[in-house]
Amino acid sequence: MNPFDRAAKTAVHRTLSLMGYDAFWTPCSGGSEQKGRVHFNEPTSKDKLADVDYQPGDLRMEYFEGTFQGLKASVDAGRSEFVTIKDIQYFVRAVTRDVDGRLYKATLVKA
């Protein structure tokens, strides 16, 4: 692993441990529950930041590769997947890979 990748992985894991939330996912196709640490964006009011409108309903979680294995593929295949964060269940509307493909971003809707 090159020094940049190592530094990026360390930074993500550090912020996840300090400011992340525990999230839980049980694949709709069956299998055991997976637990992972995620960044969770839950805006509470309409605001503008960096010329982007934030809406209270725009919920997102970020997770590092190796967490929730199969979630992106399942959502991409059109299956209905749900995650639980802070005892609240969310429908996973979409999952994308960010920048280097190692950080995943999921768009959520409160179930």
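That block above? That's the structure.
The paragraphs below set out a description of the structure included in this document. (Residues numbered from 1 in each chain as written. Predicted model: local features only at pLDDT ≥ 70, side-chain atom pairs only at ≥ 80, totals over all residues. Heavy atoms only, no water.)

Below, the discussion takes up the pattern of salt bridges. If you walk through the whole model with that rule in mind, you get 6 salt bridges. Among the salt bridges present, the one from Glu65 reaches Arg102, with a minimum N-O distance of 2.8 Å. Separated by 37 residues along the polypeptide, Glu65 in the loop between β5 (59-64) and α2 (71-76) and Arg102 in the loop between β7 (88-98) and β8 (103-110) bring together distant segments of the chain. The exposure class assigned to Glu65 is partly exposed, which follows from its relative accessible area of 36%. Where salt bridges share partners, they join Asp22, Lys35 and Arg37 into one cluster. (Salt bridge = Lys/Arg side-chain N within 4 Å of Asp/Glu carboxyl O. Helix = DSSP H or I, 4+ residues; strand = E, 2+ residues; numbered from the N terminus. Buried < 20%, exposed > 50% of the residue type's maximum accessible area, 1.4 Å probe, protein only.)

Attention shifts here to the nonpolar core. Residues Met61, Tyr63, Leu71, Val83, Ile85 and Leu108 are the most contacted members of the largest nonpolar core, which totals 18 residues. At the level of secondary structure, the elements contributing two or more residues to this core comprise β1 (21-25), β2 (34-41), β5, α2, β6 (82-85), β7 and β8. (Core = buried A, V, L, I, M, F, W, Y, C linked by side-chain atoms within 4.5 Å.)

A barrel is described by the order of its strands in space; here 6 strands give the closed sequence β1-β2-β5-β8-β7-β6, paired in antiparallel fashion. Between one strand axis and the next, the sheet turns through 45 degrees on average, direction left out of account. Judged from the 4 bridges that link them, β6 and β7 form a sheet pairing that is antiparallel. Along β7, the bridge assignment pairs Thr84 with Gln89. (Pairing = 2+ DSSP bridges. Axes fitted to C-alpha atoms, helices over the stretch in contact; angles between N-to-C directions.)

Attention shifts here to unusual backbone geometry. In this structure, Phe68 takes a positive phi of about 55 degrees despite not being glycine. Mapped onto the fold, Phe68 is located in the loop between β5 and α2. A positive phi angle is found at Asp87, which is not glycine, with a value near 65 degrees. Within the fold, Asp87 resides in the loop between β6 and β7.

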